[in-house]
Amino acid sequence: ILPKKIARKVVAAFYIDTSGSVSDDEINQSVTEVKAALRTSLADLTLSFLDTEVYHTIKSGNGHTSTGQKRRGGTDMRAAFTHAVTLRPRPNLIIVMTDGETPWPDDPIRGTKTIVVMTRKWNKNHYKVPDWVWKIIEMEGH
């Protein structure tokens, strides 16, 4: 088998910040973006909602599209990364949708790339996004 005939399958884990600082519009836009990814991707996808902890997870292919109860506590994005290492199959891509008002883990998960989608423009309340983040995207319209 030639090396270019072997493709690494994308296993993506999406995390949507539902803390009190995130508006319902930002959450709904994040859910819309994930639904679009589900329609267009061949990747295995997991969607999780969190504030200070991950409280609701949906795996692609199970037909479940509701967002569950939206908790509105603080945010700790470290919970997303702690959760991601427990998923099977283990993700090689983590996509975080947040307003940026959250602490981050010190180190990435080995073997993963991380994309941070900011639901609003950077402001002084944002924590610094770690240097190990592969890409930062600002959501349009916010």
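Above this text is the structure in question.
The structure presented is a predicted model; accordingly, all values stated were derived computationally and were not measured.

A. Representation of the nonpolar core within the structure. In this structure, Phe14, Ile16, Leu47 and Met97 are the most contacted members of the largest nonpolar core, which totals 19 residues. The element best represented in this core is helix H1 (residues 24-40), accounting for four residues. Residues within four places of isoleucine 16 in sequence aside, it is in contact with Ile27, Ser30, Val31, Val34, Leu47, Ser48, Phe49, Leu50 and Met97. Judged by nonpolar contacts, the second largest core, of 17 residues, contains Tyr15, Leu50, Met77 and Phe81.

B. Local environment of the packing of aromatic side chains. Taken as a whole and judged by the stated rule, the model has one aromatic pair. Their ring planes at 85 degrees and their centres at 5.6 Å tell us that phenylalanine 81 and tryptophan 132 sit as a pair that is edge-to-face. Within this pair, whereas phenylalanine 81 is found in helix H2 (residues 78-84), its partner tryptophan 132 is found in the loop between strand E5 (113-118) and strand E6 (135-138), the two being separated by 51 residues in sequence. Residue tryptophan 132 is classed as partly exposed on the basis of its relative accessible area, which comes to 21%.

C. Summary view of the pairing of E5. With five of its six residues buried, E5 lies for the most part within the structure. Relative to E5, strand E4 (residues 93-98) is paired through six bridges, and the arrangement is parallel. Its bridge partner being in E5, threonine 98 is matched across the sheet by methionine 118.

D. Here's a closer look at the side chain of threonine 46. The residue threonine 46 is located in strand E2 (residues 44-50) in this model. Residue threonine 46 is classed as buried on the basis of its relative accessible area, which comes to 9%. Aside from chain neighbours lying at most four places away, what touches threonine 46 is Ala12, Ala13, Phe14, Thr57, Ile58, Lys59 and Leu87.

Scoring rules and cut-offs
- Residues numbered from 1 in each chain as written.
- Predicted model: local features only at pLDDT ≥ 70, side-chain atom pairs only at ≥ 80, totals over all residues.
- Heavy atoms only, no water.
- Core = buried A, V, L, I, M, F, W, Y, C linked by side-chain atoms within 4.5 Å.
- Buried < 20%, exposed > 50% of the residue type's maximum accessible area, 1.4 Å probe, protein only.
- Helix = DSSP H or I, 4+ residues; strand = E, 2+ residues; numbered from the N terminus.
- Contact = heavy atoms within 4.5 Å.
- Phe/Tyr/Trp six-rings, centres within 6.5 Å; stacked < 30°, edge-to-face > 60°.
- Pairing = 2+ DSSP bridges.

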